[in-house]
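Each chain, written out:
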Amino acid sequence: MENYVPVKLAYNVVEPDEYDNNKAPVIFLHGMTTSKENWHDIPWHIASITQRKVYVLDARNHGDSPWSEFSHFACNVKDLLHFMDTHYVSKAILVGHSMGGITAMKIALWMPERVEKLVVEDISVKTPSPQAINAVHCRLRILKSAIEELPRGLDEESSKEFISNYIDEIIAPGIENASRTQRNDFGLKKTADGRYTFKTNINVLPLAVNNSKNGLLSLLGRYEGPACFIYGQLSPFEVESHKDHIKKFFPKVELVGVENAGHEVHNDCGAEFSKILCNFILRE
């Protein structure tokens, strides 16, 4: 594994009133350009139903975690392992969406003893198609342009409304079907001059996207534990078509497609996603 220095990740923790501390906790890992808040109330629901401790993390360059010039999936793996070590988590159930799913897969394959169960949302073991990569690059360009055009003097809610309207006006074909909610689900923070900007480090993420083209090709090993790949049937990532290839790395995998969901299944069909996730975690 590359020699990246881990950063201290920001996180929320959910502890049910009565939970078994001997059970492996659940760790949620968000996708690119979003943050821990993107999971909304799903972690609280999962904690309550499964009676497990739940951690919800911000990746580096996202949310409240530190920004860094290094933006690579190997960094995310190092950061997560550092988090688990410093919080004395010997083994966890990993739930990762998109970028977070890649992090979870890599740890499951490289260090399977650290993963009790694996849940991957709408990403495959194969390199995303050029169309999917281009859609992400286009989204990043639109977000960067929106923040540059943001007028001074707006409060946070007005800033979000301006950005949402800006995105809606120029949204590119192909991104629209990726998720019905993704383009409006972002965090903002106030800058020293009183304006708002994204919590996500938009400037370094194109490098991470380019790295992802080869990042999945470096997958090695097999994870023999329980794995569940949840995907949106409207998503451009076409996870179901990679089923045979996924099984080479995760022989005990089950794939679950959600009919009316795009790339963000947990947002497009939150109740169904939670039900699938709960059932998988509770299954012996």
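For the structure, check the block above.
One structure accompanies this document, and this report is about it. (Residues numbered from 1 in each chain as written. Predicted model: local features only at pLDDT ≥ 70, side-chain atom pairs only at ≥ 80, totals over all residues. Heavy atoms only, no water.)

## Remarks on the sheet that holds strand E8 (residues 227–232)
Alright, step 1. As summarised here, the arrangement of the seven strands in space is E1-E3-E2-E4-E5-E8-E9, forming an open sheet in which the pairing is mixed. Of all strands in the sheet, those with a lone pairing partner are strand E1 (11–14) and strand E9 (253–258), marking the two edges. Looking at each pair of strands side by side, their axes are set apart by 15 degrees on average, direction ignored.
Alright, step 2. Inspection of the sheet shows strand E2 (residues 26–29) paired to strand E4 (residues 92–97) by four bridges, in the parallel sense. (Pairing = 2+ DSSP bridges. Helix = DSSP H or I, 4+ residues; strand = E, 2+ residues; numbered from the N terminus. Axes fitted to C-alpha atoms, helices over the stretch in contact; angles between N-to-C directions.)

## Regarding the side chain of Arg-52
Alright, step 1. Positionally, Arg-52 belongs in the loop between helix H1 (42–50) and strand E3 (54–57).
Alright, step 2. Within polar-contact distance, the side chain of Arg-52 engages the backbone oxygen of Ala-24 at 2.7 Å.
Alright, step 3. Among residues more than four places away in sequence, those in contact with Arg-52 are Val-14, Pro-16, Tyr-19, Lys-23, Ala-24, Val-26, Ala-47, Ile-93, Glu-116 and Ile-281. (Polar contact = N/O pair within 3.5 Å; in protein donor to acceptor, adjacent residues only side chain to side chain. Contact = heavy atoms within 4.5 Å.)

## Some details on empty space enclosed by the protein
Alright, step 1. For the structure on display, the rule yields four cavities of 30 Å³ or more.
Alright, step 2. If you go around the second largest cavity, you meet 13 residues; those closest to its centre are Leu-9, Leu-29, Ala-59, Asn-76 and Thr-103.
Alright, step 3. Sorting the residues of the lining of the second largest cavity by element identifies helix H2 (73–86) and helix H3 (99–110) as the ones contributing at least two each.
Alright, step 4. Taken together, the residues of the lining of the second largest cavity sort by class into six nonpolar, four polar and three charged. (1 Å grid on protein atoms, 1.4 Å probe; cavity = no way out; pocket = protein on both sides within 12 Å on 5 of 7 lines; lining within 4 Å. Points joined across faces, edges and corners; volume = space filled by probe spheres on them. Nonpolar A, V, L, I, M, F, W, Y, C, P; charged D, E, K, R; others polar.)

## What about H2?
Alright, step 1. Taking 1.5 Å per residue as the helical rise, H2 with its 14 residues ought to reach 20 Å, and the 20 Å between its terminal C-alpha atoms agrees with that figure.
Alright, step 2. Taking burial as the measure, the 14 residues of H2 include 10 buried ones, the bulk of the element.
Alright, step 3. Along H2, the positions that sit buried rather than exposed are Phe-73, Ala-74, Cys-75, Asn-76, Val-77, Asp-79, Leu-80, Leu-81, Phe-83 and Met-84.
Alright, step 4. The positive-phi residue at the C-terminal boundary of H2 is Tyr-88, with phi of around 55 degrees. (Expected span 1.5 Å × (residues − 1). Buried < 20%, exposed > 50% of the residue type's maximum accessible area, 1.4 Å probe, protein only.)

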